[in-house]
Amino acid sequence: PSDIDPDRSELLLSLGASPLSVIKGAFQSLRVYPYYCTEQISSAALPLIALYRAQRRLGSTDLAPRNAKADIELAVATIIRRQREDGGIGYWSSSDWTTPWLSAYAGIALLEARAAGIAVSDTALHRLADYLSDAIDNEEPVFSLVSDWYDRRVLTLTERVAAADLLSRLGRPDVAQENELLRRATQMDWEDRARLVEILSRRRDKAPARALLASVITPVKIEGRVAVVPDSLIRSFYFYSQVRPTAQLLRSVLAVDSVHPLIGPLVEALVQQGRAARPWEWNTQDYGSVVYALASFEQRQRSGSVGGIVVRSDNRVLIKLDSLSGIRDSSTMLHGLLGAAAGSQRPLRVSLHGGSGSAPVYYYLTVREIPLNRPVRPDDNGIAVERWYESYADGKPIVAVNEGDLVRVRLRITVPNTRHFVILDDALPAGLEAIDLSLRTAAPPGVGTTMPEQDQAEEGAEEGPGYHWYYGSWDSGWWSPFDHRELRDDRVLYFAAILWKGTYTATYVARATTPGVFMRPPAQAEEMYNPDVHGRSDGGVFTVNRR
């Protein structure tokens, strides 16, 4: 960007002779993700667990971050705390919705953590297995916030395959149901058939897995060094991922035949997609699934020799290594690297040159940019966000209050088309603190989230009216399109599983606690699994006067 501060922005480069460098890069991207539902906690934990396990196996001291074990334990505790009475793992809490697929995905993170030496409750795993055992025998659609997806009958097979997968991992395989799924394999999506291969491979008799794998890999083509999965096989799903099918195929091939000739091209495909993708193109599902597959590959890999490595930016040598083992990290400030690029938005180019050697070199490049000026202009990329402050006493718009005063914060979000899994993030000026009114017996009108533009939203609704009121939440008689809200020390977050075409509002109360002049960060919104659809409000300053 033209307004980047080169003295505070930096370039980070991870180099290695194994995909651990890619995994480490994925961890860097995931650990700063601010919205932690169960899926995101599980996806963010997988890279950290992979690095922690590799560090213990290799005897390294700097592969995983210092607080890796504590962070993994926190992820495990959070997932288990969200276990419902029936044993499933709730999306936000123990009273929230779940599906067999979501619960199984969280269960995979728990099992990976246990394999890394982290304590995981056997009781929690047993209850989770009971929930999945019931789910795999139940053909009825799951009634949850993703109910609309169950119009596609094939999705019930997706849920059953996920349940069978985790039951198999837990040592409680339902062989009869696995055979039934194998009989219905032709009715499944391609990704589920690939996952079924991995399930069947855990049997002593791998013949069914080999036979099914042969049909699964038929449409996969090798172009150069890369395996290409046709776009027609990439399905829509309530947790969408462009690269998860390829990652699943790699795990399935590794499970059936660890020296299969397709393994190398599949690894290349995952790494190449990571190189080519722009930052917003990869969501937590992409990172989590790719890391899980590459970690399985890394555990089986026999690295060859690696020659010297030289990294340059124009004529400047950034890194020069005679040999490469493990992961080497390097960081440098962008001062002196931008040159004429600053102000003209010409790309900063970095080149990597490898010497002779038989092993591939993996690298992960990250730029952490700091803008010269704080953002103050609104931005609309498919979601329009407005935010303003009012005096709680008289309702007049304000940008300055006295210490101790109450402030009403109003948010308005407009979407031109139906959006799914939307997060609305309102960062507070440092002098304000959100007030939790959840213990009140009744919220005053306008304090909870409301939707004054309800008629406008309903007119543009694209979903059937039978589902409309199932979404959102109720508070003291007021309907909100947002299913979940979190009051944090520095921000207030709203989450909506679905927003139909229209305009929606939210409002909460804050108190001015600290005198001073503070930044007023823009409120921002995005589709959590399609973050290129996003928007933000204006920004500026907010003043709290000493009383």
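Residues numbered from 1 in each chain as written. Predicted model: local features only at pLDDT ≥ 70, side-chain atom pairs only at ≥ 80, totals over all residues. Heavy atoms only, no water.

Bringing the pairing of strand E5 (residues 316-321) into the picture now. One ladder, built from five bridges, connects strand E4 (residues 309-313) with E5; its direction is antiparallel. For Ile309, the partnering residue across the bridge sits in E5 and is Leu321. Count of turn residues in the E4/E5 antiparallel hairpin: two residues, of which Asp314 carries a positive phi of about 55°. (Pairing = 2+ DSSP bridges. Helix = DSSP H or I, 4+ residues; strand = E, 2+ residues; numbered from the N terminus.)

Attention shifts here to the sheet that holds strand E19 (residues 502-512). Spatially, E10-E12-E19-E14 is the arrangement adopted by the four strands of the open sheet, whose pairing is antiparallel. Single-partner strands in this sheet number two, and they are strand E10 (384-391) and strand E14 (432-434). The sheet shows a mean angle of 35° between the axes of neighbouring strands, taken without regard to direction. Taken together, the ten bridges between strand E12 (residues 406-415) and E19 define a ladder with antiparallel strand orientation. Bridge pairing in E19 places Ile413 opposite Tyr504. (Axes fitted to C-alpha atoms, helices over the stretch in contact; angles between N-to-C directions.)

Together, Val350, Leu365 and Val367 line one region of the surface with nonpolar side chains, adding up to about 210 Å² of accessible area. Position of Val350 among the secondary structure elements: in the loop between strand E6 (327-333) and strand E7 (351-354). For Val350, a relative accessible area of 30% puts it in the partly exposed group. (Patch = residues over 30% accessible without salt bridge, like charges linked within 9 Å, V, L, I, M, F, W, Y side chains within 5 Å. Areas by Shrake-Rupley, 256 points an atom, 1.4 Å probe, with all protein chains shown as cover. Salt bridge = Lys/Arg side-chain N within 4 Å of Asp/Glu carboxyl O. Buried < 20%, exposed > 50% of the residue type's maximum accessible area, 1.4 Å probe, protein only.)

A few words now on helix H4 (residues 100-115). Spanning 16 residues, H4 covers 22 Å between terminal C-alpha atoms, matching the ideal 22 Å at 1.5 Å per step. Immediately beyond the C-terminal end of H4, within one or two residues, lies Gly117, with a positive phi of roughly 95°. (Expected span 1.5 Å × (residues − 1).)

Here the focus is the confidence of the model for the protein. Averaged over every residue, the pLDDT of the protein is 82; residues scoring 70 or more account for 83%. No element of the protein has a lower mean pLDDT than helix H13 (residues 454-459), which averages 37, and none a higher one than E10, which averages 96. Within the model, pLDDT remains below 50 along residues 276-280, and this stretch shows four contacts once partners closer than five positions in the same chain are excluded. Counted against residues more than four places away or in other chains, residues 441-467, with its pLDDT under 50, gives 62 contacts. (pLDDT = per-residue confidence, 0-100. Contact = heavy atoms within 4.5 Å.)

In the Ramachandran plot, Asp314 falls in the positive-phi region, its phi being about 55° despite a non-glycine side chain. The topology assignment puts Asp314 in the loop between E4 and E5. On the basis of relative accessibility, which here comes to 58%, the residue Asp314 falls in the exposed class. Positive phi is not limited to glycine here, since Phe421 has a value of about 50°.

The full count for this structure, using the stated rule, is 15 aromatic pairs. Geometrically, the ring pair formed by Trp101 and Phe237 is edge-to-face, given 5.1 Å between the ring centres and 65° between the ring planes. Residue Trp101 is found in helix H4, and its partner Phe237 is found in the loop between strand E3 (226-228) and helix H10 (244-256); the two are separated by 136 residues along the sequence. Like Phe237, Trp101 is buried. Between Trp101 and Phe239, the ring centres sit 5.7 Å apart and the planes meet at 40°, which makes this aromatic pair tilted. Taken together, the residues Trp101 in helix H4 and Phe239 in the loop between E3 and H10 connect sequence positions 138 residues apart. (Phe/Tyr/Trp six-rings, centres within 6.5 Å; stacked < 30°, edge-to-face > 60°.)

The next point concerns the sheet that holds strand E13 (residues 419-427). The strand order across the open sheet formed by six strands is E9-E22-E21-E13-E18-E17, and the pairing between neighbours is antiparallel. Across the chains shown, the open sheet's two edge strands, defined by having one partner strand only, are strand E9 (379-381) and strand E17 (484-487). Each strand axis lies, on average, 20° off the axis of its neighbour in the sheet, ignoring direction.

With that out of the way, let us pick up the environment of Val317. Mapped onto the elements of the fold, Val317 is located in strand E5. Spatially, the C-alpha atom of Val317 lies 9.9 Å from that of Val350, the residues being 33 residues apart in sequence. Dropping the residues within four chain positions of it, Val317 is found in contact with Val310, Val311 and Arg312.

Turning to the side chain of Gln177, a few remarks are in order. Structurally, the position occupied by Gln177 is in helix H7 (residues 175-183). For Gln177, the contacting residues outside a window of four places in its chain are Ile136, Asp137 and Arg160.

By the definition in use, this model includes 26 salt bridges. Between Arg368 and Glu10 there is a salt bridge, and its shortest N-O distance comes to 3.5 Å. Pair noted here: Arg368 is in strand E8 (residues 362-368) and Glu10 is in strand E1 (residues 10-16), with a separation of 358 residues, a long-range link. Assessed through its relative accessible area of 34%, Arg368 is described here as partly exposed. For Arg53, the salt bridge goes to Glu112, with nearest N and O atoms at 3.1 Å. With Arg53 in helix H2 (residues 38-58) and Glu112 in helix H4, this pair connects stretches of sequence that are 59 residues apart. Residue classification places Arg53 among the partly exposed positions, given a relative accessible area of 21%. For Glu112, a relative accessible area of 17% puts it in the buried group. When salt bridges with common partners are traced through the structure, they connect Asp165, Arg169, Arg195, Glu198, Arg202 and Arg251 into a single cluster.

Our next topic: the nonpolar core. If you look at the biggest cluster of nonpolar residues, it comprises 143 residues, and the most contacted ones within it are Tyr91, Phe239, Leu249, Phe421, Leu432, Tyr508 and Met528. By residue number, the principal contributor to this core is H4, which donates ten residues. Ignoring anything within four residues of it in the chain, the contact list for Leu432 reads Tyr389, Val407, Ala510, Arg511, Ala512, Phe542 and Val544. With six residues, the next largest nonpolar core counts Leu13, Ile309, Val311 and Leu321 among its residues. (Core = buried A, V, L, I, M, F, W, Y, C linked by side-chain atoms within 4.5 Å.)

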